Amino acid sequence: MTRIIADISVSLDGFVTGPAPGPDNGLGTGGEALHTWAFSDDPEDRRVLGEATARSGAVVLGRRLFDVVDGPGGWDDTIGYGAGEVGKPAFVVVTSSPPEEVRLTGLDWTFVTTGLPDAVAVARERADAAASDSGKDLDVVLMGGGATVRSALAAGLVDVLTLHLAPVVLGAGTPLFAGGPPRMLAQRSVTSTSTATHLTYDVLEVIR
């Protein structure tokens with residue numbers, strides 16, 4: 001069964017970027033510290049990254065995050081989704097207006113202009129097709145940014161929430177949790193390393 005997994009790194013004070021994020025500084029001031037774990041040599045960090053990316057049948061991201069990863073300072077042959085741990089899943093971008101051109105032409109991009117639920121549905125179709133071809137269970141991963149993950153949680157689109165809690169206090173930036181209905185979660189796993197605490201939750205019902 002294809003699961004919808006929101007997977008994102010977050011600071012101790014709840015931010016997914018540092019202050020003043022922008023096209024040329026997508027993670028904001030100090031935001032790089034959120035992702036130290038993804039480049040760590042710690043075997044547990046490598047296991048968490050490897051297991052997550054190996055199950056990625058399709059990946060959903062918002063337009064702002066796309067502009068960062070496709071920008072001149074974004075992904076390249078050595079830095080990208082999964083940091084070299086996995087092949088190239090389909091990427092589905094939620095946007096009101098597709099870009100005129102794409103720098104990362106070696107990746108499979110689909111641009112959905114009809115909203116997040118439709119983007120998730122397209123990603124599920126792509127993940128199901130990849131699972132059928134590979135004979136493995138594959139998931140849809142919502143990689144961000146914060147607004148995309150937050151909207152998906154509020155809309156009840158997320159089955160599993162995975163947080164990589166970095167030992168950093170950013171003070172400001174893009175908050176992960178701001179508004180939306182309260183939801184009950186069930187803790188599934190906790191893995192602690194020197195660079196992050198990896199937390200996985202099943203997303204349950206809205207608290208009424």
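Heads up: these notes are all about the structure in this document. (Residues numbered from 1 in each chain as written. Predicted model: local features only at pLDDT ≥ 70, side-chain atom pairs only at ≥ 80, totals over all residues. Heavy atoms only, no water.)

1. Details of helix α1 (residues 43–54)
The terminal C-alpha atoms of α1, which comprises 12 residues, lie 16 Å apart, in line with the 16 Å expected from a rise of 1.5 Å per residue. Of all the positions in α1, only Asp45, Val48, Leu49, Gly50 and Thr53 are classed as buried. Where α1 is buried, its residues meet β2 (56–62), β6 (160–166) and β8 (197–206). Backbone nitrogen of Glu44 and a side-chain oxygen of the N-cap are separated by 2.7 Å at the start of α1; the cap is Asp42. (Helix = DSSP H or I, 4+ residues; strand = E, 2+ residues; numbered from the N terminus. Expected span 1.5 Å × (residues − 1). Buried < 20%, exposed > 50% of the residue type's maximum accessible area, 1.4 Å probe, protein only. Contact = heavy atoms within 4.5 Å. Polar contact = N/O pair within 3.5 Å; in protein donor to acceptor, adjacent residues only side chain to side chain.)

2. Looking at the pairing of strand β1 (residues 4–11)
Counting buried residues along β1, 8 of its 8 residues qualify, which places the element largely inside the surrounding structure. Burial of the side chains of β1 extends over both faces: Ile4, Ala6, Ile8 and Val10 are buried on one face and Ile5, Asp7, Ser9 and Ser11 on the other. Two strands pair when backbone bridges link them, and β1 and strand β5 (residues 139–144) are joined in this way by 3 bridges, in the parallel orientation. Pairing of Ile5 across the sheet is with Val141, part of β5. Here β1 runs beside β6; their pairing, made up of 7 bridges, is parallel. By the bridge assignment for β6, Ala6 is matched with Leu161. (Pairing = 2+ DSSP bridges.)

3. Here's the deal with the environment of Arg188
With respect to the secondary-structure elements, Arg188 resides in strand β7 (residues 183–192). Exposure remark for Arg188: the relative accessible area of 43% places this residue in the partly exposed category. Taking C-alpha positions, Arg188 is 35 Å from Ser96, a pair spaced 92 residues apart along the chain. Other than its neighbours up to four places away in sequence, Arg188 contacts Arg3, Val160, Thr200, Tyr201 and Asp202. Separated by 2.4 Å, the side chains of Arg188 and Asp202 make a polar contact.

4. Notes on the sheet that holds β7
Two pairing modes exist for strands in a sheet, parallel and antiparallel, and in both the strands are linked by backbone hydrogen bonds. Spatial strand order, β4-β3-β2-β5-β1-β6-β8-β7: 8 strands in an open sheet with mixed pairing. The open sheet terminates on both sides in strands that have one partner only, identified here as β4 (109–112) and β7. The mean inter-strand angle of the sheet, taken between neighbouring strand axes irrespective of direction, is 25°. As judged from the 6 bridges shared by β6 and β8, these two strands associate in the antiparallel manner. Following the sheet pairing, Leu163 is matched in β8 by Leu199. Against the sheet, helix α4 (residues 146–154) engages β1, β2, β5, β7 and β8, with an angle of about 130° to β5. (Axes fitted to C-alpha atoms, helices over the stretch in contact; angles between N-to-C directions.)

5. Examining the packing of aromatic side chains
Taken as a whole and assessed by the stated rule, the structure comprises 4 aromatic pairs. Ring geometry for Phe66 versus Phe111: centroids 5.2 Å apart, planes at 85°, classification edge-to-face. Residue Phe66 is found in helix α2 (residues 63–69), and its partner Phe111 is found in strand β4; the two are separated by 45 residues along the sequence. Relative accessible area serves as the criterion here: at 1%, Phe66 is assigned to the buried category. By relative accessible area, Phe111 is classed as partly exposed at 23%. Look at Phe91 and Trp109: their rings are 5.0 Å apart centre to centre, the planes differ by 35°, and that puts the pair in the tilted class. (Phe/Tyr/Trp six-rings, centres within 6.5 Å; stacked < 30°, edge-to-face > 60°.)

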